[in-house]
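Survey of secondary and tertiary structure
Residues per chain are reported as follows:
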Amino acid sequence: MINTPTLRQWRYLVALAEIRHFGKAADACFVTQSTLSAGIQELETQLGAALVDRTKRKVVLTPLGEDLAGRARELLREAEEMVLLARAAAAPLTGPLRLGVIPTISPFLLPRVLPALRKRFPELKLYLREDLTYRLIDQLQAGKLDLLLLALPFEGGALDTLPLFDDEFLLACRADHPLARRNAIKLEDLAEAPLLLLEDGHCLRDHALAACRLPPSPRRDGFAATSLPTLVQMVDSGLGVTLLPQLALDAGILRGTDVVTRPLGSARKADAARQIGLAWRRGTQRAKEFTLFGEALVAAAKATADHAPQTEARSAETKSRP
């Protein structure tokens, strides 16, 4: 039988590969620098090959060291999943869960559902990371996140997805805008409208254009916002119109503004909507647990929607109509 290195030794190598500094890598592993250095030397001796080129200025991994660090990262992730799988078999959704969420969902949905999730799964330790879709996918693939809550579809990554619900888009404009006089907005009405959108990198921009079958144009690229609240303020200042998801409207994003909403005329409501869902690494042993989390999230969202009073956003639809 081959005498294999320990998980601790592989963890030291992965930390050194990611941080490139012995002292900081040791801190990340909660050991002294001498302990980490000795662990790396023992690993090299055991393998019979150099993994790290040590210089006074920086730490450089050898080609073999880089290759083994990547493989060790996968090994550590699998070992962690085995532990979590065993825990989930006895009690699902207990312990840590690192959830990545995009910023056009996080502040509008999570405050509604987290209290119910905490009540149902009191032993769940939920760590949240808010970021753009492509960066969250990178972190998921690197093993830094376990699960993503985002809008479907998205590009990149061999991930499994679970659709949860549709999030309808509505036109948002000032109450004195000509489009505010209409009960419903036809898609052709948006072709020449000064449509304001989020800046590149936000998937909501692409989903909004796709939902209304609108191509990007120079007129739409003149102004862009970094967040939905900023977008609403731009509309409230009379710079143009925009498309907002129902999640943000239900959360009261229009409160204190003169912005109203109108539904988009479409044969099917889902045509002018984005789909909210979960995504996880393909082949993970925690798929059943993540599916349970998704079902609980949908139940919590529905419960809060059923008991919520009429939102300010929806009541604003009656403003300024002839």
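The rules behind each value
Residues numbered from 1 in each chain as written. Predicted model: local features only at pLDDT ≥ 70, side-chain atom pairs only at ≥ 80, totals over all residues. Heavy atoms only, no water. Core = buried A, V, L, I, M, F, W, Y, C linked by side-chain atoms within 4.5 Å. Buried < 20%, exposed > 50% of the residue type's maximum accessible area, 1.4 Å probe, protein only. Helix = DSSP H or I, 4+ residues; strand = E, 2+ residues; numbered from the N terminus. Contact = heavy atoms within 4.5 Å. Expected span 1.5 Å × (residues − 1). Arc of directions from axis to C-beta. Salt bridge = Lys/Arg side-chain N within 4 Å of Asp/Glu carboxyl O. pLDDT = per-residue confidence, 0-100. Axes fitted to C-alpha atoms, helices over the stretch in contact; angles between N-to-C directions. Parallel < 35°, antiparallel > 145°, perpendicular 65-115°, else oblique. Left-handed = near helix turned anticlockwise from the far one by under 90°. Nonpolar A, V, L, I, M, F, W, Y, C, P; charged D, E, K, R; others polar. Phe/Tyr/Trp six-rings, centres within 6.5 Å; stacked < 30°, edge-to-face > 60°. Bend = angle between axes of the 7 residues up to and from the residue.

A word on the nonpolar core. Ranked by size, the top nonpolar core spans 72 residues in total, and within it L149, L171, L228, L244, I253 and F293 carry the most contacts. Here this core gets 7 residues from one element, more than from any other, and that element is strand β6 (residues 159-174). Judged by nonpolar contacts, the second largest core, of 22 residues, contains L43, V52, A69 and A72.

Attention now goes to the environment of L75. Relative to the helices and strands, L75 is located in helix α4 (residues 63-90). We classify L75 as partly exposed; its relative accessible area is 39%. For the pair L75 and R11, spaced 64 residues apart in the sequence, the C-alpha separation amounts to 9.5 Å. If we skip the residues at most four places from it in the chain, L75 touches L7 and W10.

Our next topic: helix α3 (residues 33-47). Taking 1.5 Å as the rise per residue, α3 with 15 residues should run 21 Å; its terminal C-alpha atoms sit 21 Å apart, in good agreement. Every buried residue belonging to α3 is among L36, S37, G39, I40, L43 and E44, and all of these are buried. Along the long axis of α3, the arc covered by the buried residues comes to 160°, so they all point the same way. α3 presents S34 and T45 as exposed residues on the side facing more than 90 degrees away from its buried surface. Contact partners of the buried residues in α3: α1 (7-19), α2 (22-28) and β1 (52-54). Remark: G48 follows α3 within two positions and exhibits a positive phi of approximately 70°.

Time to look at the pattern of salt bridges. Counted by the stated rule, this structure contains 13 salt bridges. For the salt bridge of R98 with D146, the shortest nitrogen-to-oxygen distance reads 2.7 Å. With a gap of 48 residues between them, R98 in strand β3 (residues 95-101) and D146 in the loop between α6 (133-141) and β5 (147-152) connect regions that are remote in the sequence. The class of R98 is partly exposed, set by a relative accessible area of 22%. Between R274 and D167 there is a salt bridge, with the nearest N and O atoms lying 3.0 Å from each other.

Interpretation of this model should avoid reading the predicted coordinates in detail wherever pLDDT is low. With 86% of its residues at a pLDDT of 70 or more, the chain shows a mean pLDDT of 85. For the chain, per-element mean pLDDT is lowest for helix α11 (residues 312-315), which scores 42, and highest for strand β4 (residues 124-130), which scores 95.

This brings us to the packing of α1 against α3. For the pair α1 and α3, interaxial distance at closest approach is 9 Å and the crossing angle is 110°. Classified by the angle their axes make, α1 and α3 are roughly perpendicular. Relative to α3, α1 is oriented so that their crossing is left-handed. Of the residues in α3, those in contact with Q9, W10, Y12, L13 and L16 of α1 are T35, L36, G39, I40, E42, L43, Q46 and L47. Across the contact of α1 with α3, the residue classes tally to 8 nonpolar, 4 polar and 1 charged.

This next bit is on the packing of aromatic side chains. The geometry of an aromatic ring pair is captured by the separation of the ring centres together with the interplanar angle, meaning the angle of the planes. As enumerated under the stated definition, the model contains 1 aromatic pair in all. When the ring of W280 is compared with that of F290, the centres are 5.7 Å apart and the planes differ by 45°; the resulting orientation is tilted. Highlighted residues: W280 in strand β11 (residues 273-281) and F290 in helix α10 (residues 287-307), separated in sequence by 10 residues. Grouping residues by exposure puts W280 and F290 together as buried.

Helix length check: helix α5 (residues 106-120), at 15 residues, gives a terminal C-alpha distance of 20 Å against a target of 21 Å (1.5 Å per residue), a fit within 8%. When the local axis directions of α5 are compared, the greatest deviation, roughly 40°, occurs at V113, which is followed within four positions by the proline P115. Within the span of α5, buried status applies to S106, F108, L109, L110, V113, L114 and L117.

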